[in-house]
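Listed below, chain by chain, are the residues.
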Amino acid sequence: MTAFLQQLPALIGVVIGALGSYLAVVRGDRARFRREQAARWEERRFAVYTDWSQALKQQVVLTYRVAAHLGNDPHPHPLTPQDAEPLLADVQTAREPYGEALILLGSPDVVEQAREWIVTVLEMERFVRDGTRDPAAWQSLLERQRAGRERFYTAVREDLALPPGHAARWPLPVVTRP
């Protein structure tokens, strides 16, 4: 029995060491799983943000083209409101699933900035649907749309911990009435 008692501290040390190794491995695996899971969700959020913004941008371009037909925008490829109607319906229908995913996965700030951006785009669409011919008012809507887009991308960059990006504000020619 004395031999066993003499080796008991070594045995206790082995058990404690094994338990410590086990706990270290388990904690490391949990931390790695959390990191990988966070990276997967980040990739999904990035995909949702880009898909939604690209779909919205298609709607924006169609409004530019109709505004050019009305004499409000310098877009080189004007489009009549009648020709644009089915295209606008298609891009809105295509955008809807991305919007739902954005609401589900997006941060509150990104979703709010997306809402503000799309409200302005809908105002642009209403402007061209009404057949308004007012380049100055159109220019004001363009500035609001560009500012909304910039705020959306800023919120996305903050949510995904990306570095600051370009504002994408290039000077465009102003349309004047003849």
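These figures come from a predicted structure and were not determined experimentally.

S.K.: What's the story with the overall build of the protein in this structure? I'm lost.
M.R.: Each helix and strand in the protein was counted, giving 4 helices and 0 strands. The helix and strand sequence of the protein, counted from the amino end, reads α-α-α-α. The C-alpha atoms of the protein give 28 Å as radius of gyration, which overshoots the globular expectation for 178 residues (16 Å, by more than 25%). Across its three principal axes, the protein shows a C-alpha extent of roughly 110 × 30 × 25 Å. Within the protein, contacts between residues at least 6 apart in sequence are counted, and of these 70% link residues at least 24 apart. When the accessible surface of the protein is totalled, it reaches about 11300 Å², and 61% of it is carbon and sulfur. Counting 22 positive and 22 negative side-chain charges, the protein places the averaged centre of each group 5 Å from the other.

S.K.: I'm lost on the nonpolar core in this one. Help?
M.R.: For soluble globular proteins, nonpolar side chains are generally found buried alongside one another. Y49, W52, L102, W138 and F152 are the most contacted members of the largest nonpolar core, which has 30 residues in total. Top element by residues in this core is helix α1 (residues 2-69). It accounts for 9 residues. Setting aside residues no more than four positions away along its own chain, F152 makes contact with Y49, W52, S53, L102, V110, Q113, A114 and W117.

S.K.: For this particular structure, what's the right way to read helix α4 (residues 135-159)?
M.R.: Because the α-helix completes a turn every 3.6 residues, residues three or four places apart line up on one side. Counted at 1.5 Å a residue, the expected span for α4 with its 25 residues is 36 Å, and the 36 Å between its end C-alpha atoms agrees. One or two steps after α4, the chain reaches A161, where phi turns positive at roughly 55 degrees.

S.K.: Is there a simple way to think about the side chain of T63 in this case?
M.R.: Looking at the secondary structure, you find T63 in helix α1. Note on T63: relative accessible area 0%, which makes it buried. T63 has contacts with M124, E125, V128 and W138, leaving out every residue within four places of it along the chain.

S.K.: Would you explain the confidence of the model for the protein in this entry?
M.R.: Atomic detail in the predicted coordinates should be set aside for any region of low pLDDT. Put simply, the protein has an average pLDDT of 88, and 92% of its residues get 70 or more. Confidence scores differ between elements of the protein, with α1 showing the lowest mean pLDDT of 85 and helix α3 (residues 108-129) the highest of 97.

S.K.: For this particular structure, what's the right way to read the pattern of salt bridges?
M.R.: Two side chains that carry opposite charge are able to pair once their charged atoms sit near each other. Considering all chains together, one arrives at 8 salt bridges under this definition. Residue E96 pairs with R95 through a salt bridge whose shortest N-O separation is 3.7 Å. On the basis of relative accessibility, which here comes to 42%, the residue E96 falls in the partly exposed class. Among the residues examined, R95 registers a relative accessible area of 5% and is labelled buried. Between R146 and E143 there is a salt bridge, with its nearest N and O atoms 3.5 Å apart. Of the two residues, R146 and E143 both sit in helix α4, 3 residues apart, roughly one turn of that helix. On the accessibility criterion, R146 (9% relative accessible area) is buried. Taken together, the salt bridges that share partners define one network made up of E85, E125 and R129.

S.K.: Could you clarify how one ought to interpret the packing of α3 against α4 in this entry?
M.R.: A pair of packed helices is characterised by two quantities: the angle between their axes and the separation of those axes. The contact between α3 and α4 brings their axes to 8 Å, and the two run at 160 degrees. For the element pair α3 / α4, the angle class is roughly antiparallel. The two elements α3 and α4 cross, and the hand of that crossing is left-handed. When the residues that make up the contact of α3 with α4 are grouped by side-chain class, the tally is 15 nonpolar, 4 polar and 8 charged.

Reading the values: rules and limits
- As a convention, each chain's residues are numbered from 1 in the sequence order in which they are written.
- Given that the model is predicted, a residue must reach a pLDDT of at least 70 before its local features are reported, and side-chain atom pairs must reach 80 or more before they are shown or counted; all residues, however, enter totals for whole chains, interfaces and linings.
- The side-chain numbers reported here are obtained from all heavy atoms of the structure, hydrogens and water having been left aside.
- Numbering of helices and strands runs from the N terminus; a helix is a DSSP stretch of H or I covering at least four residues, while a strand is a stretch of E covering at least two.
- As defined in this context, the radius of gyration uses C-alpha atoms, and a globule is described by 2.2 Å times the residue total to the power 0.38.
- Any two residues whose heavy atoms approach within 4.5 Å at even a single point are treated as in contact.
- Exposure was quantified through the Shrake-Rupley algorithm and a 1.4 Å probe, taking into account, for residues, occlusion by the shown protein chains and nothing else.
- Positive charges come from Lys and Arg, negative ones from Asp and Glu, while His and the chain ends are left out of the count.
- The location of each charge is read from NZ of Lys, CZ of Arg, CG of Asp or CD of Glu.
- Side-chain atoms within 4.5 Å are what join buried Ala, Val, Leu, Ile, Met, Phe, Trp, Tyr and Cys residues into a set we call a nonpolar core.
- The buried label goes to any residue with under 20% of its type's maximum accessible area, the exposed label to any with over 50%, and the partly exposed label to all in between, with areas taken from a 1.4 Å probe on protein chains only.
- Here the expected length of a helix is defined as 1.5 Å per residue gap, with one fewer gap than residues.
- The score called pLDDT rates the predictor's confidence residue by residue, from a low of 0 to a high of 100.
- A side-chain nitrogen of Lys or Arg and a carboxyl oxygen of Asp or Glu constitute a salt bridge if their distance falls within 4 Å.
- For every element, the axis is a line fit to its C-alpha atoms; helices are fit only across the contacting stretch, and the angle between N-to-C directions ranges from 0 to 180 degrees.
- Angles are sorted into four bins: roughly parallel if under 35 degrees, roughly antiparallel if over 145, roughly perpendicular if 65 to 115, and oblique for all others.
- Crossing handedness: left-handed means the near helix sits turned counterclockwise from the far one by under a right angle, and right-handed means the same turn made clockwise.
- Basically, the charged four are Asp, Glu, Lys and Arg, the nonpolar ten are Ala, Val, Leu, Ile, Met, Phe, Trp, Tyr, Cys and Pro, and anything else, Gly included, counts as polar.

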